[in-house]
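Remarks on the overall topology
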Amino acid sequence: MSEYNHKKIEENWRAFWEKKHTFRTENDASKPKYYILDMFPYPSGAGLHVGHPLGYIASDIVTRYKRLKGFNVLHPMGFDSFGLPAEQYAIQTGQHPAITTEENATRYIEQLKNIGFSFDWSREVRTSDPKFYKWTQWIFMELFRSWYNKETDQAEPIETLIAKFESAGTYGIQAVSDDDVPHFTAEEWNAKSGREQYEITLKYRLTYVADAVVNWCAALGTVLANDEVKDGVSERGGYPVEQKLMRQWMMRITAYADRLLRGLDTVDWSDSLKEQQRNWIGKSTGAEVAFPVSGFQFTEGDPEGLPKTENREPKTIKVFTTRLDTIFGVSFMVLAPEHELVAELTTLAQKSAVDAYVTAAKMRSERDRMADAKTVSGVFTGSYCINPFNGERVPIYLADYVLAGYGTGAVMAVPSGDQRDWAFAKHFDLPIIPILDGQKDIDKQADNTKEGRYINSGIIDGLTYQEAVPVLVKFLEEHGIGKAKINFRMRDAVFSRQRYWGEPVPVYFKDGLPYLLDEQDLPLELPPVDKYLPTETGEPPLARAEGWKYAPQVVRDPGPKGEEKYEYELSTMPGWAGSSWYWYRYMDPQNEQEFADQKAIDYWRDVDLYVGGSEHATGHLLYSRFWNKFLKDRGYVPEEEPFKKLVNQGMILGRSNFVYRLKESVGEGKIPVFVSNGLKGQYDVTPLHVDVNIVENDVLDVETFIKTRPDFAENAEFILEDGKYICGVEIEKMSKSKFNVVNPDTIVERYGADTLRLYEMFLGPLTDAKPWNTNGIDGVYRFLKKFWRLFYEEPTETRPGRWLVTDEKPTPAELKVLHKTIRKVAEDIEHLSFNTSVSAFMVCVNELSALKCNKKAVLQELVVVLAPFAPHITEELWAALGNEAGTLSYAEFPLFNPAFLVEDTIEYPVQINGKVRTTLTFSVDTVASDIEKEVLTNEVVLKWLEGKTPKKVVVVPKRIVNVVI
């Protein structure tokens, strides 16, 4: 085949790879391993656009390169196939989400194979496959059967906690647990019933049921994660979201907060990504202080106007602060609108105002409340608390900048030292108390300095910050009003979704308590339902399943006995459940006895390179690191961190095109008139997005535009420039609504997958955002055809092109070009600098073409070097060079030989009185005296000397010659 026919070549090699299972990976312990993983996609109905493959192309280049370097490479692909879109479609159409998911995944696989990725499809996993989520359920069960021992700093089986209770009660127990765990002796524990003991263990387990403030979206019928909410509405569909207290399954990710922080120091991630995780975890060192509530000693006829209650107990408000030294500057207390004491603290006089404020706060997401630093809002509860350090009464307000789930949901406000508190105090005319003589201009703004000495601060007056803190902590502990404490911003993770399309939770309820299913009953599969909506009484869709109840097969102690049937948990797991461990399943995807064979895990261990979007910087990466650490604690995996190196690819932006409609031509009965971009300044126009696929080099295909836009019909008029309609241009995010989505199938059909792969890498650095412009792809296509011409003569109408490759010995110049490219490309791939590699290939082919190099010894090695980037054309040429078909993927990457880059000659610039007048070439071994002699006899030099004798001649070896006259 003397003509470069990308369609035929690529179809043939894709079929060959599939038939021969070229990329199937064995767990071959005799080879060094390299595990490269892409964050697996959700298969949406829209399929891929050209922005999606960017990370996959990069990871595939590394995969192919590492194979050529002798590694046993695991490069799998699968689908995060539970998700809201499929379920929303099911709600609208009645079609089971599994059908949509299967269709979409099939489409994705077709597109991915079309681009020539070397995935091992025999290891494909899908989170919605019961064979996969059986093990997600099993990991949930292991978490439920575990507790976190602070003493050993790891998770342990719950039986070890029970053994401690049996021998010593709660004495000496250092555990992560609920706040309200009871204290008891061994005798008291052993005297409890089985049910009582079981209930106590529920307060320690790593997954548990609790009331939590969540993002509730009534329209979607589910709880949403913070990253699924934007500007108070759901990211999916734009439905209102409110803050709501609901009974949820939770995960004690907070038990791992310190280890999640420490682990960041051991991985090769970007500093910005690590910082996002550190900020999300939010470790703070400070103190917890209890403020007694004023007025709770009254039971009726409260002078504060509090609602009447019987047997009212004294209440306290706990706050966490990193600046205990400012406690004498507290002039008010602020609670989150969701705080558990709001109803009790609200006086009758303030009830209507408080209720209205609480309702309004529910409609704002936590993210919006945290981000809105400009708006000052709040409401007085009518109640007061007591500053335990000076006995001062402090008014209690609600404000939505305080969140129930962060810290204690209460903030001691110090307006002289905190700008948000200062703005609140100014708004509500509250005192601003100076506390340090180093504070300045607090009438204009807060000053959070720690410099100077304390004033208006009781027991620490006159002390410095370093002197004051120990005094305050001692006072706290001696008076039993608080303690030094480390706090984290991160909260335990909500692990419930009130949806159908998700992993069923392997739990049933007996007398209100949760129990695990027998392992032999896994997987618990999704039952059929008549609708995918919540029930009419508000229960999750799983409540619609007829007869869906559990009959335990073994006797439990404690637990139910016999053949009774019990209610299953009706919520499903969140979207992040399956993605928190999936990389292990790729190691051994068909195993029915365990989530992966231990030998396979010990071989592959962890992911060497993980490639994916930056949108997963907190959620997925924190949850997966948490589950990985848990699995290590329990002895199932060997590594503390799952992803050694992680790279976030940048976004490929769309290049939108616009047409411009005259505003005067808008309206019923009017003929639409469109003016070309260069003329629009003369008119009053409205820009409209136009499909980029009917625009070439910014010239609109007017005929196709009219056909595809029946709303404009055939009577539209166009004001042209030089007979063409030129569109406007803008760089935006790729989106169907902007008509700027480019389908990779179209590019592959027209230019080939190899061109697409090279062009996406050529656009710019992997981690940067860059605009897509189909107009520029021709240059890469021409490069591949020029590369082909090194092997085949261009055919004519009368004869096919000849095979040009010879067995002649390469020249030093040809070897220099080759080895310069080998070194550059190897270094670039190791540093993920693919755009400069493509440039290097272009330079190389240009130089070899200029040298008329057709030597097999050069071209065969160049084929191997280019193969990771353009696998189809290189497979074709590898076979044409006489190699066995299909062996290129496991060939040997050429070794760089620095000897070929050693120069035989050196060019010396010759300066006369500081100005370069000529350049002379000398052999590298020419001595300085000989260089000087030749310089002084050179015609150009003699001209500038004008008959004068130089004062001196300085020869700088291998650099320059200076002649001074």
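Residues numbered from 1 in each chain as written. Predicted model: local features only at pLDDT ≥ 70, side-chain atom pairs only at ≥ 80, totals over all residues. Heavy atoms only, no water.

Okay, the environment of P771 next. Within the secondary structure layout, P771 lies in strand β31 (residues 770–771). Looking at P771, the relative accessible area reads 38%, which means it is partly exposed. Once residues lying within four places of it in the same chain are set aside, the contact partners of P771 are L653, I731 and L763. (Helix = DSSP H or I, 4+ residues; strand = E, 2+ residues; numbered from the N terminus. Buried < 20%, exposed > 50% of the residue type's maximum accessible area, 1.4 Å probe, protein only. Contact = heavy atoms within 4.5 Å.)

We now examine the packing of helix α21 (residues 744–751) against helix α22 (residues 753–762). Where α21 contacts α22, the axes come no closer than 7 Å and their chain directions differ by 115 degrees. Residue-level contacts link P744, I747, V748 and Y751 of α21 to A753, T755 and L756 of α22. A breakdown of the residues in the contact of α21 with α22 according to their chemical character gives six nonpolar, one polar and no charged. (Axes fitted to C-alpha atoms, helices over the stretch in contact; angles between N-to-C directions. Nonpolar A, V, L, I, M, F, W, Y, C, P; charged D, E, K, R; others polar.)

The subject of this paragraph is the sheet that holds strand β18 (residues 507–510). Backbone hydrogen bonds are what pair the strands of a sheet, in a parallel or an antiparallel way. Ordered in space as β19-β18-β21-β20, the four strands form an open sheet in which the pairing is antiparallel. The open sheet terminates on both sides in strands that have one partner only, identified here as β19 (513–516) and β20 (549–550). Pairing between β18 and β19: four bridges, direction antiparallel. Across the sheet, F509 pairs through a bridge with P514, a residue of β19. (Pairing = 2+ DSSP bridges.)

On the basis of which strands lie adjacent, the open sheet formed by four strands has the order β2-β1-β22-β23 and parallel pairing. Sheet topology places β2 (72–74) and β23 (646–648) at the edges, where each strand pairs with a single neighbour. If you compare each strand with its neighbour and ignore which way they point, the axes differ by 15 degrees on average. Relative to β2, strand β1 (residues 33–38) runs parallel, the two being bridged by three bridges. Counterpart to Y35 in the pairing with β2 is L74.

Right, let's talk about helix α1 (residues 6–20) for a bit. If you check α1, its first and last C-alpha atoms are 21 Å apart, about what 15 residues at 1.5 Å a residue would give, namely 21 Å. Among the residues of α1, those classed as buried are H6, I9, E10, W13, R14 and W17. Seen from one end, α1 has its buried residues packed into an arc of 120 degrees, which puts them on one side. In α1, the exposed positions that point more than 90 degrees away from the buried face belong to E11 and K19. Buried residues along α1 sit in contact with α2 (53–68), α4 (97–114), α21, α22, α23 (777–788) and α27 (871–880). Once α1 ends, the next one or two residues include H21, with phi positive near 50 degrees. (Expected span 1.5 Å × (residues − 1). Arc of directions from axis to C-beta.)

This part takes up the side chain of H819. Assignment of secondary structure puts H819 in helix α24 (residues 812–830). For H819, the contacting residues outside a window of four places in its chain are E861, L895, F896, N897, F900 and L901.

Close approach of charged atoms lets side chains of opposite charge pair. Inspection of every chain in the model, using the stated rule, returns 55 salt bridges. Across the pair R252 and D178 runs a salt bridge whose closest N-O atoms are separated by 3.1 Å. Residue R252 is found in the loop between β9 (242–251) and α9 (257–263), and its partner D178 is found in the loop between α6 (158–168) and α7 (186–191); the two are separated by 74 residues along the sequence. By relative accessible area, D178 is classed as partly exposed at 21%. Between K855 and E814 there is a salt bridge, with its nearest N and O atoms 2.9 Å apart. With K855 in the loop between α25 (834–850) and α26 (856–866) and E814 in helix α24, the pair connects residues that are 41 residues apart, well separated along the chain. (Salt bridge = Lys/Arg side-chain N within 4 Å of Asp/Glu carboxyl O.)

Once that is clear, we can look at the packing of α22 against α27. Running from amino to carboxyl end, α22 crosses α27 at an angle of 125 degrees, the nearest separation of the two axes being 7 Å. The angle between the axes of α22 and α27 places the two elements in the oblique class. Contacts between α22 and α27 involve A753, D754 and R757 on the former and, on the latter, P871, H872 and I873. Taken together, the residues of the contact of α22 with α27 break down into three nonpolar, one polar and two charged. (Parallel < 35°, antiparallel > 145°, perpendicular 65-115°, else oblique.)

Turning next to helix α8 (residues 194–201). Those residues of α8 lying buried are Y198, I200 and T201. Along the axis of α8, the buried positions cluster into a sector of 160 degrees, meaning they face one direction only. Against the buried residues of α8 lie α5 (130–144), α6, α7 and β19.

A few words on the pairing of strand β24 (residues 652–662). Within β24, ten of the eleven residues are buried, which leaves the element mostly enclosed by the surrounding structure. As paired elements, β24 and β31 share two bridges and run parallel to each other. If you follow I652 over to β31, its bridge partner there is K770. Bridge count between β24 and strand β30 (residues 728–732): five bridges; the pairing is antiparallel. Bridging across to β30, S656 finds its partner in E730. When β24 meets strand β26 (residues 685–690), the two strands line up antiparallel, connected through six bridges. Paired with F658 across the strands is H689, a residue of β26. Relative to strand β25 (residues 673–675), β24 is paired through two bridges, and the arrangement is antiparallel.

Here the residue pair L522 and P523 is connected by a cis peptide bond, since its omega of 0 degrees sits within 30 degrees of zero. Of note in the backbone geometry, D429 takes a positive phi value of approximately 55 degrees without being a glycine. Relative to the assigned elements, D429 resides in the loop between α14 (419–428) and α15 (465–478). On the basis of relative accessibility, which here comes to 70%, the residue D429 falls in the exposed class.

In this structure the tally under the stated criterion is 71 aromatic pairs. Their ring planes at 80 degrees and their centres at 5.1 Å tell us that Y65 and F893 sit as a pair that is edge-to-face. Residue Y65 is located in helix α2, and its partner F893 is located in the loop between α27 and β32 (905–912); the two are separated by 828 residues in the primary sequence. For Y65, a relative accessible area of 2% puts it in the buried group. Owing to a relative accessible area of 3%, F893 belongs among the buried residues under this scheme. Centroid distance F834 to F869: 6.3 Å. Interplanar angle 70 degrees. Geometry classified as edge-to-face. Here the residue F834 occupies a position in helix α25, and F869 occupies one in the loop between α26 and α27, the gap between them amounting to 35 residues. Residue F834 is classed as buried on the basis of its relative accessible area, which comes to 1%. Since its relative accessible area comes to 1%, F869 is described here as buried. One residue, R252, lies across the ring of Y208, its end atom 3.9 Å from the ring centre. (Phe/Tyr/Trp six-rings, centres within 6.5 Å; stacked < 30°, edge-to-face > 60°. Lys NZ or Arg CZ within 6 Å of the ring centre and 35° of its normal.)

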